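Summary of structural features
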Amino acid sequence: MEKWVYEQYGMRVERLERRGTHTAVWHKRERFLIVPADGRSEAEMEERQQMSRYLRTKGVGSVGELVKTTSGTYIATWDGKPMALVRAPLPTARFRSLGRELAVIHEYGRSCPLPITACRRIGQWRELWAKRIDQMEAFWANMLATGPASPFDRLFIESFPYYLGLAENAIQYVADTELDEEPLRIDYAAFCHERLPQAGWVEGAEAKLPIDWVYDHCARDLAEWVRHLYHQRGLGCQRAVRQFFQDYGHLSPLSPFAWRLIYARLLFPLPYFECVESYYTAVDRNEQVRYEGELHRLLDGSHEYERFLASFAEIAGISERVRLPVIEWLPSA
């Protein structure tokens, strides 16, 4: 690894250590992280660098910076995998709640004058979700024709039609929202995260890494954090969810358009899609066993999640001021 860092970045590694899922290297008393860059393009990396620089100029603390290779690219190959190097300050304690910190980051993103296109996801949910559905449906149809070869295959064959219906409901919910509601300034594109719960800074474990940024509606981050709270606490997440939205809304009150996008994203069964995709791309049997267990948990908890969706407006504390159209087949709240 030290040789690779020197060859790619011209840096002599003084110390190397494991930091969570990343490798940290030290050079001239500065700390750098080697992070995966799977699925990222150079154009996206350049825009993520610009977003990070903009946040630093606004005084946002603990924001990392991508480092270019000696050949002028942001992405380098290590052991056949695309990787990036991030100059990462040591993480610092958050003085704001997560809701307030997110509201600040999102607001800076909304006011950013930089043209961001490669990382832009706002307005694309329906298209991206439909593509993901089509790919998995074709895979499912092929497996249905050939028959299951493992217990996971059987679970997938049996469960997919249910999650397909849920995903199609999510797409329709976004379409109806775009027809019914008028976006406000809060609904402009903002600096968001690919997956907020996976960003190390949230728990104070890492700096804010450029590799995480996307340019999207704030509902992306808000919904994914609520999904995370539900995953941790089940139906007992109400207090944490309400506090989270109160903290965010104190600085950035949400519009009906935003609330409906949050709900649409919670409808989309992202954990199911990620679990199935991860199982069939895993190269290690232990990983497959883990994803098989995860699929069992998702299926066993499907009725409880339906109750969560049916009760979301009440859980979030908005039932008396925001009308979320009802999904007819969900149990009554």
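For the structure given in this document, a descriptive report is provided here. (Residues numbered from 1 in each chain as written. Predicted model: local features only at pLDDT ≥ 70, side-chain atom pairs only at ≥ 80, totals over all residues. Heavy atoms only, no water.)

**Focus: the pattern of salt bridges**
Put simply, the test is: What counts as a salt bridge is simple: a side-chain nitrogen of Lys or Arg found within 4 Å of a carboxyl oxygen of Asp or Glu. The numbering of helices and of strands both runs from the N terminus, where a helix is a DSSP run of H or I of at least 4 residues and a strand a run of E of at least 2. Residue burial is assigned from relative accessible area. The probe radius is 1.4 Å, only protein chains are included, and a residue is buried under 20% of its type maximum, exposed over 50%, and partly exposed in between.
Taken as a whole and assessed by the stated rule, the structure comprises 24 salt bridges. A salt bridge links R121 to E44; the nearest nitrogen and oxygen atoms lie 3.0 Å apart. Of this pair, R121 sits in the loop between α3 (98–110) and α4 (125–146) while E44 sits in helix α2 (residues 42–57), and the two are 77 residues apart along the sequence. Here R121 falls in the buried class, since its relative accessible area comes to 13%. According to the relative accessible area criterion, E44 is buried, its value standing at 9%. The salt bridge partner of E277 is R132, with a shortest N-O separation of 2.7 Å. One end of the pair, E277, is in helix α9 (residues 270–281); the other, R132, is in helix α4, and 145 residues separate them in sequence.

**Some points on the packing of aromatic side chains**
Quick note on the threshold: In this scheme Phe, Tyr and Trp rings, the latter by its six-membered ring, pair at centre separations within 6.5 Å, and the angle between planes marks the pair as stacked below 30 degrees, edge-to-face above 60, and tilted otherwise. Put simply, a charge is over a ring when the Lys NZ or the Arg CZ is close to the ring centre, within 6 Å, and near the line of the ring normal, within 35 degrees.
Applying the stated criterion across every chain, the model contains 29 aromatic pairs. Residues F191 and Y215 carry aromatic rings whose centres are separated by 6.1 Å and whose planes lie at 55° to one another, so their mutual orientation is tilted. On the criterion of sequence distance, the pair formed by F191 in strand β7 (residues 190–193) and Y215 in strand β8 (residues 213–216) is long-range, its members being 24 residues apart. Its relative accessible area of 0% is what places F191 among the buried residues. Summarising the aromatic geometry, the rings of Y272 and F273 are spaced 6.1 Å apart at their centres and angled 80° between planes, so their arrangement reads as edge-to-face. Classification of Y272 by relative accessible area gives buried; the value is 1%. Through a chain of ring-to-ring contacts, three or more aromatic side chains come together here, namely Y173, Y230, F244, F245, W259, Y263, Y305, F308 and F312. In this arrangement the basic side chain of K208 is found over the ring face of W201, its NZ or CZ atom lying 4.7 Å from the centre.

**Things to note about helix α5 (residues 151–180)**
Put simply, the rule reads: Helix span is expected to be 1.5 Å times the residue number reduced by one. By definition, a residue's bend is the angle between the axes fitted to the seven residues ending there and the seven starting there.
A rise of 1.5 Å per residue sets the reference length of α5, with its 30 residues, at 44 Å; its end C-alpha atoms lie 43 Å apart and thus fit the reference within 8%. A bend of about 45° at S159 is the largest found in α5, and the proline P161 appears one to four places after it.

**Re unusual backbone geometry**
Of note, R29 is a non-glycine position whose phi angle comes to about 65°, a positive value. Relative to the assigned elements, R29 resides in the loop between β2 (22–27) and β3 (30–36). With relative accessibility at 79%, the residue R29 sits in the exposed group. Look at D79: it is not a glycine, yet its phi comes out positive at around 55°. Tracing the backbone shows D79 in the loop between β5 (76–78) and β6 (81–87).

**Side note on the side chain of R31**
Tracing the chain through its elements places R31 in strand β3. For R31, a relative accessible area of 4% puts it in the buried group.

**Here's the deal with the packing of α5 against helix α8 (residues 256–267)**
As a reminder, the rule being used: Under this scheme, a helix contributes an axis fitted over its contacting stretch, all axes are lines through C-alpha atoms, and angles between N-to-C directions fall in the 0 to 180 degree range. For classification purposes, angles smaller than 35 degrees are called roughly parallel, those larger than 145 roughly antiparallel, those between 65 and 115 roughly perpendicular, and all remaining angles oblique. Residues count as neighbours in contact if any of their non-hydrogen atoms are within 4.5 Å of one another. Each residue receives one of three labels: charged for Asp, Glu, Lys and Arg, nonpolar for Ala, Val, Leu, Ile, Met, Phe, Trp, Tyr, Cys and Pro, and polar for the others, Gly being one of them.
Contact geometry for α5 and α8: axes closest at 8 Å, N-to-C directions at 170°. Between α5 and α8, the angle falls in the class roughly antiparallel. Note on element contacts: α8 touches α5 through F257, R260, L261, Y263, A264 and L267, opposite L166, N169, A170, Y173, V174, D176, T177, E178 and D180. Tallied by class, the residues present in the contact of α5 with α8 amount to nine nonpolar, two polar and four charged.

**Overview of the environment of R132**
Put simply, the rule reads: Two N or O atoms form a polar contact when they lie within 3.5 Å of each other; inside protein one atom must be a possible hydrogen donor and the other a possible acceptor, and for residues adjacent in sequence the pair counts only when both atoms belong to side chains.
Considering only alpha carbons, one finds R132 and K3, 129 residues apart in sequence, at a separation of 39 Å. Ignoring anything within four residues of it in the chain, the contact list for R132 reads R195, L270, F273, E274 and E277. Here the side chain of R132 touches E277 through a polar contact of 2.7 Å, side chain to side chain.

**Here we look at α3**
Counted at 1.5 Å a residue, the expected span for α3 with its 13 residues is 18 Å, and the 18 Å between its end C-alpha atoms agrees. Burial analysis of α3 places ten of its 13 residues in the buried class, which makes it a mostly covered element. Those residues of α3 that sit buried are L98, G99, E101, L102, A103, V104, I105, H106, G109 and R110. Where the residues of α3 are buried, they touch α2, β7, β8, α6 (219–233) and α7 (238–251).

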